[in-house]
Amino acid sequence: MKHNVHNDNIRNIAIIAHVDHGKTTLVDAMFRQSGIFRDNQETAERLMDNMDLERERGITIAAKNCSISWRDVKINILDTPGHADFGGEVERALSMVDGAILLVDASEGPLPQTRFVLSKALSAGLKIIVVINKIDRPDARHREVLDEIYDLLIDLDADEGQLEFPLLYAIGRDGVASDSPDNMGPDLQPLFNTIVDEIPGPAYHENEPFQMLVSDLSYSDYLGRLAVGKVANGSVHSKDSLSRINFKGEIRNLNVTRLQVYNGPGLVETQSVEPGDIVVLSGIDDVFIGDTICTRENPKALPRITVDEPTVSMLFATNNSPMLGKEGKFVQGNKIGERLEKETMQNVSIQVERQPGGEGFVVKGRGEFQMVILIETMRREGFELSVGRPHVIYKQDENGQRLEPIEHLFIDCEEVYTGVVTEKLSKRKGRLTNFISHANGRARLEFSVPSRALIGYRDEFLTDTRGTGIMSSYISGYELYRGDFPERHTGSLVADRPGECVPYALYNLEPRGNLFVRPGDVVYEGMIVGEHSRDNDLNVNPIKTKKLTNMRASGKDDAVVLTPVIPMSIERAIQYIREDEMVEITPKSIRLRKKILSAAGRKVDDKRKQ
């Protein structure tokens, strides 16, 4: 009879937390203290954030694997993203582990993304270890935070076993942990011991043949595509004959060229892998996330990874402006299509649909921030493209009524700004569900708002709260469509001819609204050069020069002083544009433009729509 046994030589854990609660810093300290590095070896800060974008933004975008050794037990650690837009990464990572460390800031407490990743871990039945981090903060309130964690677990229907979690306190930056907040230890030994003692070793069926679920894909210039996953049952050797079972149930034979396992932040080659370990197979071209890799003699499929459906879609198209090809390396539609297809192979939460007539690609994902990261990554790789405004993805119920995604929004701001925040969100069909006033003059507001209400609201929110507000949200589900609301109250200042911007012309345009361009910037007809202070679009001439006469005015002309222009970011650009506008993205520039560039063409289009 088959029975489950555990491999006690291995522990697989994920570290889950809200953005900026210290996951990556804690993993750094775990590395240093587990003996992975020599004492004199130089190591980078935030070792696991190896993408440039992650280092710049201070967030984790892609889930990453590594391993350490403690008491002769191998501990595989997965550093997961804390942002709900990268939920596909979280679900992928949780499919490979048996337990999770929930990291919570001692001052901020559990925040929306804490809730998001914790709900995924609980539904996967993982054993939870709670670590209250940054216990040295002057505003730390660990007792209240612990109560909030219990409330959150109860709210998420945690069972009794999950409610009786081991609790530790830590200062990740200093690399110290303890079971008492008043008596911090000299190192992370209590954390290592808790992982080994409390997290179960991976379970497997003793008599089952080799099975592995592909949870991640990577690419090596030397080895080709790499398939990453946990060995569910059985063991594998480097020259074994294996097969792959895809989502249709089709079986195809594979030739694996190399077996690798994690050792520290890197990979090492191995001849065999035992059940429960996380393995990297190389030389496999035709494999996707969710596929099962198994023996040829006894092929059996494992349950596939399921991820939440996408809620936001965006149009990615080729750039057809007069600046085409001047700044980018890859401009063709088929190159953009290939790059997006490659993204779907590595990211389970992104879907790509080719538009009929070669008009571009509709990319569907979890949120606008996930789209921004994809666009920024492509831009750095040398791609030139244009993108449309993000749209939420609607559904229909059985009665044919339109349903839309609704978010649970948390806002932390000074009390004096609560009035303007509530007013703006209620106009966008938001409903206030909770209001907590803190003693320090700040307040916490909770709203139920349509996802489309938050597109374009973030910048407005920061302006309204003078940059002091914090806003985060997670999708709570689909509800009946709440009705229309105006999304932008201002029009655009649109250039009516090509050329180079002149200070004199820009100075005379400043009373019309906020400008996006500086003197010397190249513009073309149909390019948006600023925000009109009224609700209509205005065609303007930003290259107009001052007419010189042979009559001199007494005294010299006043020097033109222009208001400084805030550089346009991708987030700001895609939130700002309207339906008839697009963002032109190149490795060097971000430009806003009309879909129809010529003023005459836009007039004809307006008449056709009336």
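So, how was this worked out
- Residues numbered from 1 in each chain as written.
- Predicted model: local features only at pLDDT ≥ 70, side-chain atom pairs only at ≥ 80, totals over all residues.
- Heavy atoms only, no water.
- Pairing = 2+ DSSP bridges.
- Helix = DSSP H or I, 4+ residues; strand = E, 2+ residues; numbered from the N terminus.
- Buried < 20%, exposed > 50% of the residue type's maximum accessible area, 1.4 Å probe, protein only.
- Lys, Arg positive; Asp, Glu negative; His and termini not counted.
- Salt bridge = Lys/Arg side-chain N within 4 Å of Asp/Glu carboxyl O.
- Contact = heavy atoms within 4.5 Å.
- Core = buried A, V, L, I, M, F, W, Y, C linked by side-chain atoms within 4.5 Å.
- Phe/Tyr/Trp six-rings, centres within 6.5 Å; stacked < 30°, edge-to-face > 60°.
- pLDDT = per-residue confidence, 0-100.
- Axes fitted to C-alpha atoms, helices over the stretch in contact; angles between N-to-C directions.
- Parallel < 35°, antiparallel > 145°, perpendicular 65-115°, else oblique.
- Nonpolar A, V, L, I, M, F, W, Y, C, P; charged D, E, K, R; others polar.
- Arc of directions from axis to C-beta.
- Left-handed = near helix turned anticlockwise from the far one by under 90°.

A few points about the pairing of strand β21 (residues 351–354)
Relative to strand β22 (residues 361–365), β21 runs antiparallel, the two being bridged by four bridges. When the bridges of β22 are listed, valine 352 appears paired with valine 363. Counted between consecutive antiparallel strands, the loop separating β21 from β22 contains six residues, among which glycine 357 sits at a positive phi close to 80 degrees.

Description of the side chain of arginine 444
Topologically, arginine 444 is positioned in strand β28 (residues 442–450). Notably, arginine 444 is buried but unbridged: the nearest opposite-charge side chain belongs to glutamate 446, and the N-O separation is 4.6 Å. Each residue touching arginine 444, except ones within four places of it in the same chain, is listed here: Pro110, Leu111, Phe410, Ile411, Asn434, Phe435, Ile436 and His438.

Observations concerning unusual backbone geometry
Phi angles above zero are rare outside glycine, and aspartate 72 is one such case at about 60 degrees. Looking at where aspartate 72 falls in the secondary structure, it is placed in the loop between β3 (64–70) and β4 (73–79). Located in the positive-phi region is aspartate 157, a residue other than glycine, with phi close to 60 degrees. With a relative accessible area of 67%, aspartate 157 lands in the exposed category.

Concerning the pattern of salt bridges
Under the definition given, this model contains 35 salt bridges. Taking the shortest distance from any N to any O, the salt bridge between lysine 230 and aspartate 98 comes out at 3.2 Å. Of this pair, lysine 230 sits in strand β11 (residues 224–233) while aspartate 98 sits in the loop between α3 (87–94) and β5 (99–105); the two residues are 132 residues apart in sequence, bridging distant segments of the chain. The pair formed by lysine 230 and aspartate 98 is uniform in burial state, with each residue classed as buried. One network of salt bridges, with partners in common, ties together Asp105, Glu108, Lys134, Arg137 and Asp139.

Let's talk about the side chain of lysine 594
Turning to its location among the elements, lysine 594 is positioned in strand β37 (residues 590–594). In this structure lysine 594 comes out as buried when scored by relative accessible area, which is 0%. Apart from the residues within four sequence positions on either side, lysine 594 is in contact with Ser492, Val494, Gly526, Ile528, Asp537, Asp580, Glu581 and Arg602.

Describing the nonpolar core
In this structure, Ile16, Leu102, Leu118, Ile128, Ile132 and Ile149 are the most contacted members of the largest nonpolar core, which totals 37 residues. The contacts of isoleucine 16, once residues within four sequence positions are left out, are Lys23, Thr80, Leu94, Ala100, Ile101, Leu102, Leu103, Val117, Leu118 and Ala121. Listed in part, the 28 residues of the second largest apolar core include Phe316, Met371, Ile528 and Tyr576.

Examining the packing of aromatic side chains
Per the stated rule, a full pass over the model turns up six aromatic pairs. Relative to phenylalanine 383, the ring of phenylalanine 330 has its centre 4.9 Å away and its plane inclined at 40 degrees; by these criteria the two rings are tilted. Of this pair, phenylalanine 330 sits in the loop between β20 (312–317) and α8 (333–346) while phenylalanine 383 is found in the loop between α9 (368–380) and β23 (385–387), placing the two residues 53 residues apart along the sequence. Judged by relative accessible area, which is 24%, phenylalanine 330 ranks as partly exposed.

So, the confidence of the model for the protein
With 89% of its residues at a pLDDT of at least 70, the protein reaches an overall mean of 81. This stretch, residues 36–63, has a pLDDT under 50; its non-local contacts, to residues over four places away or in other chains, come to 84 contacts. In this model residues 82–87 is a low-confidence stretch, pLDDT under 50, and it forms 26 contacts with partners more than four residues away in sequence or in other chains.

So, the packing of helix α1 (residues 23–33) against helix α7 (residues 189–198)
Where α1 meets α7, the axes come as close as 11 Å, and the angle between the chain directions of the two elements is 90 degrees. Here α1 lies roughly perpendicular to α7, going by the angle between them. Counted together, Leu26, Met30 and Gln33 of α1 and Leu191, Phe192 and Ile195 of α7 form the full contact between these two elements. In terms of residue class, the contact of α1 with α7 is made up of five nonpolar, one polar and no charged.

Considering helix α12 (residues 457–464)
Taken residue by residue, α12 has Tyr457, Phe461 and Asp464 as its buried positions. Buried residues of α12, seen end-on, are gathered within an arc of 65 degrees and therefore sit on one face of the element. Contact partners of the buried residues in α12: β26 (402–414), α10 (418–427), α11 (451–454) and β29 (470–480). Phi turns positive, to about 55 degrees, at arginine 466, one or two residues after α12.

A look at the packing of α10 against α12
Two measures define how a pair of helices packs: the angle their axes make with one another and the distance between the axes. Contact geometry for α10 and α12: axes closest at 10 Å, N-to-C directions at 160 degrees. Accordingly, the angle class assigned to the pair α10 and α12 is roughly antiparallel. Relative to α12, α10 is oriented so that their crossing is right-handed. Of the residues in α12, those in contact with Val420, Val421, Lys424 and Leu425 of α10 are Tyr457, Glu460, Phe461 and Asp464. In terms of residue class, the contact of α10 with α12 is built from five nonpolar, no polar and three charged.

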